[in-house]
Amino acid sequence: MLSFRMELPCLCLLLLSCLQSLSAHNDFFTSIGQMTDLLYTEKDLVTSLKDYIKAEENKLEQIKQWADKLDSLTLTATQDPEGFLGHPVNAFKLMKRLNTEWGNLESLVLRDTTDGFISNLTIQRQYFPTDEDQTGAAKALLRLQDTYRLDANTISTGNLPGVKHKSHMTVEDCYELGKIAYTDVDYYHTELWMAQALKQLDEGEESTLDKVTVLDYLSYAIYQQGDLERALEYTKRLLELDPEHQRANGNLKYFQFQLEKQKKAEEDETGTQKERGKRETTEKKKKKPKSVSGHQIPERKKYEMLCRGEGIKLTPRRQSRLFCRYYNNNRNPRLLLAPIKQQDEWDRPYIVRYLDIISDKEIERIKHLAKPRLRRATVHDPQTGKLTTAQYRVSKSAWLTGYDDPMIETINQRIEDLTGLEMDTAEELQVANYGVGGQYEPHFDFGRVRAVMIHKDNLCIKTVLFNTTNLNFKVTAHGTAVFWYNLFASGEGDYSTRHAACPVLVGNKWVSNKWIHERGQEWRRPCGLNETE
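Worth saying up front: this structure is predicted, and the values here are computed from it rather than measured.

Quick rundown of the overall build of the chain? Include the residues and the values.
Each helix and strand counted, the chain has 17 helices and 17 strands in total. Counting all 533 residues of the chain, 44% fall into the buried class. Of the contacts made within the chain by residues no fewer than 6 positions apart, 75% connect residues no fewer than 24 positions apart. Carbon and sulfur atoms provide 53% of the accessible area of the chain, an area that totals close to 30,200 Å².

Can you explain unusual backbone geometry? Please cite residues and give values.
The bulk of non-glycine residues show a negative phi, and the bulk of peptide bonds are trans. Of note, the bond from R348 into P349 is cis; its omega dihedral lies within 30 degrees of zero at -5°. Even without glycine at this site, R331 takes up a positive phi of about 60°. Tracing the chain through its elements places R331 in the loop between β2 (324–327) and α15 (333–336). Of the residues examined, R331 reaches a relative accessible area of 59% and is grouped as exposed.

Talk me through the state of the cysteines; I want residue IDs and the actual numbers.
Inspection of the entire model under this criterion finds one disulfide. Here C307 engages in a disulfide with C502; their sulfurs sit 2.0 Å apart. Residues C307 and C502 are joined through a disulfide that is left-handed, its torsion about the S-S bond being -100°. Here the residue C307 occupies a position in helix α13 (residues 299–307), and C502 occupies one in the loop between β15 (499–501) and β16 (510–514), the gap between them amounting to 195 residues. Of the residues examined, C502 reaches a relative accessible area of 0% and is grouped as buried.

Give me the lowdown on helix α10 (residues 228–241), citing residues and values where you can.
Spanning 14 residues, α10 covers 20 Å between terminal C-alpha atoms, matching the ideal 20 Å at 1.5 Å per step. Along α10, the residues classified as buried are L228, A231, L232, Y234, T235, L238 and L239. The buried residues of α10 all sit within an arc of 165° when viewed along its axis, so they share a single face. In α10, those exposed residues whose orientation departs by more than 90 degrees from the buried face are E229, E233 and E240. Where α10 is buried, its residues meet α8 (187–202), α9 (211–224) and α11 (246–267).

Residue-level account of the pairing of strand β4 (residues 351–354), with values.
As a general feature of sheets, a regular strand has side chains that alternate between the two faces. Where burial is concerned, the two faces of β4 agree: the one with I351 and R353 and the one with V352 and Y354 are both buried. The pairing of strand β3 (residues 340–346) with β4 spans four bridges and is classified as antiparallel. For W346, the partnering residue across the bridge sits in β4 and is I351. The turn linking β3 back onto β4 is made up of four residues. Both β4 and strand β14 (residues 480–485) contribute to a ladder of four bridges, which runs antiparallel. In the sheet register, V352 faces β14, and the bridge partner there is F483.

So what's going on with the confidence of the model for the chain? Residues and values would help.
Per-residue pLDDT for the chain averages 78, and the proportion of residues at 70 or more is 78%. Per-element confidence in the chain ranges from a low mean pLDDT of 30 for strand β12 (residues 464–466) to a high of 96 for α8. Contacts from residues 1–25, a stretch scored under 50 in pLDDT, to residues over four places away or in other chains number 131 contacts.

Explain the packing of aromatic side chains to me, and be specific about the residues and the numbers.
A full pass over the atoms with the stated rule returns 13 aromatic pairs. Here the aromatic rings of Y187 and Y220 are separated by 6.0 Å at their centres, their planes lie at 80°, and the arrangement is edge-to-face. Here the residue Y187 occupies a position in helix α8, and Y220 occupies one in helix α9, the gap between them amounting to 33 residues. Take Y220: its relative accessible area is 29%, and that puts it in the partly exposed class. Here Y327 and Y354 contribute two aromatic rings whose centre-to-centre distance is 5.3 Å and whose plane-to-plane angle is 45°, an arrangement assigned as tilted. Placement of Y327 in strand β2 and of Y354 in strand β4 is noted, with a sequence separation of 27 residues between them. If you follow R498 out to its NZ or CZ, it ends over the ring of F444, 4.8 Å from the centre.

Give me the lowdown on the pattern of salt bridges, citing residues and values where you can.
Enumeration over the complete set of coordinates arrives at 24 salt bridges. Close ionic contact of E203 with K199 constitutes a salt bridge, the shortest N to O distance being 2.7 Å. On the basis of relative accessibility, which here comes to 55%, the residue E203 falls in the exposed class. Across the pair E364 and K367 runs a salt bridge, and its minimum N-O distance is 2.8 Å. One end of the pair, E364, and the other, K367, are both in helix α16 (residues 360–370), three residues apart, so they sit about a helical turn from each other. Overall, the relative accessible area of 35% leaves E364 in the partly exposed class. By relative accessible area, K367 is classed as buried at 8%. Here the salt bridges share partners, and the residues they tie into one network are E191, D227 and R230.

I'd like a rundown of the nonpolar core, residues and numbers included.
Residues Y148, W193 and V214 are the most contacted members of the largest nonpolar core, which totals 42 residues. Broken down by secondary-structure element, the contributors of at least two residues to this core are α5 (131–147), α6 (152–156), α7 (171–183), α8, α9, α10, α11 and α13. Membership of the second largest hydrophobic core comes to 19 residues, among which are I366, A398, M423 and V431.

Tell me what's going on with the environment of D173, and back it up with residues and numbers.
Note on placement: D173 falls in helix α7. A residue is classified by how much of its surface remains accessible, and D173, at 36% relative accessible area, is partly exposed. Separated by 17 residues in sequence, D173 and S156 have C-alpha atoms that sit 8.6 Å apart. A distance of 3.0 Å separates the side chain of D173 from the backbone nitrogen of T170, its partner in a polar contact.

With reference to specific residues and values, describe a negative patch on the surface.
Together, E260, E266, E267 and D268 line one region of the surface with negative charge. When you line up the elements, D268 lands in the loop between α11 and α12 (271–286). Judged by relative accessible area, D268 falls into the exposed class, the value being 54%.

About the criteria used
- Residues numbered from 1 in each chain as written.
- Predicted model: local features only at pLDDT ≥ 70, side-chain atom pairs only at ≥ 80, totals over all residues.
- Heavy atoms only, no water.
- Helix = DSSP H or I, 4+ residues; strand = E, 2+ residues; numbered from the N terminus.
- Buried < 20%, exposed > 50% of the residue type's maximum accessible area, 1.4 Å probe, protein only.
- Contact = heavy atoms within 4.5 Å.
- Areas by Shrake-Rupley, 256 points an atom, 1.4 Å probe, with all protein chains shown as cover.
- Disulfide = S-S within 2.5 Å.
- Expected span 1.5 Å × (residues − 1).
- Arc of directions from axis to C-beta.
- Pairing = 2+ DSSP bridges.
- pLDDT = per-residue confidence, 0-100.
- Phe/Tyr/Trp six-rings, centres within 6.5 Å; stacked < 30°, edge-to-face > 60°.
- Lys NZ or Arg CZ within 6 Å of the ring centre and 35° of its normal.
- Salt bridge = Lys/Arg side-chain N within 4 Å of Asp/Glu carboxyl O.
- Core = buried A, V, L, I, M, F, W, Y, C linked by side-chain atoms within 4.5 Å.
- Polar contact = N/O pair within 3.5 Å; in protein donor to acceptor, adjacent residues only side chain to side chain.
- Patch = residues over 30% accessible without salt bridge, like charges linked within 9 Å, V, L, I, M, F, W, Y side chains within 5 Å.
- Lys, Arg positive; Asp, Glu negative; His and termini not counted.
- Charge placed at Lys NZ, Arg CZ, Asp CG, Glu CD.

Here it is as structure tokens:
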């Protein structure tokens, strides 16, 4: 008989919503909700800037009025200086102007009206995003581009699905994305975004950038990907604009030399070798390509396919085994008069959905409580065993208890009623908010059982449940809970429960997890005798 593992966690609850949030901590790009504070910060700075402009305009208006008055006066006075100064009042006023009023004017010109704006800007700058935030947001755009197969022009023109606030990228924006990719030795994305920047320049968009700078990056990125002919083509175009460009002239000679070398190697190839190559090519063409079954698809590609809605569908036979019902969890007193609507979602592993489990008001309250506590989400480093941040988990999280709000206890009780599992040994409620392109790549939650509560709007890319074998579907719902076991009753992990969260394309996603340990569940979910029971 297998021994019962007392300390392994076995259940979690996942709450999702696509809502807004407020907070003020570092790593802004890892939490969309937290970034909303930046909009209000920028709004405050714009107000301060307008106050400064108004003060400057008032100052200049006073100076202009003084200049206009003296322009007319000096024009008259210089036509007959002696006659003008013969009037004692004019003489007095000249002395007064030069001794006093010009000094006042000097003070007015030298008066600094920037104090309020500069001091406000200085205070706010300590809360501004960092280089890491800018780079993180840029890489998120590139991640979304790959995952959802979006071309650079689609992103640049802002034509994303379901978008409310369309935003156009400038030449400088495209160039910046290309430069960040270049710094990361990512020549594929460097080419895509430098080409987009060049396209917008060719279309006549005004920019402080010139085509020579863009072409320099573009030609080199293409060369690094092995396309000498196109690299040479763009280098020639660069030299048409700047014939003295030193690096381009050097590249031109080098590319031409390499192309000649390739051409000569091809010409020196013997007829036997050519014929052998032709035969091999013909034989390959005749061979029927092997079909690629689901399990042969690389995990990363399968993950991205799911995010695009290209997951494997249930067969009609498997679909016929899924039902919906009213659920009271073995006549739980709290569910007898108000049973929950339950429907089967998947068969292997067995996943069910509970409808109308959490209200919008409760989600708003959870979000409100979590905002001030959000911190960068961490993962366990398998080498050090310590918690650390990782690019494959882009989000921030917070922890809530019943001491923070009685509503949390109400939700805990609801989880207990649904699952039939003990909450006393459970961890606190974890709340996470995903950032720009926020994702959590494929992973296991071994030692846990997971339930999912979801609230979404039309802008969200939904949470993906993922498996390397044949679990391929998305969960889309409003105010529902999705529940599945990550462990068999024996305590062994169920490898079919591998899952992930897709990068958020448009919108904002909130997630809450409730981890419930096996300890305390001895009489509620007894240990199984079979390893896969």
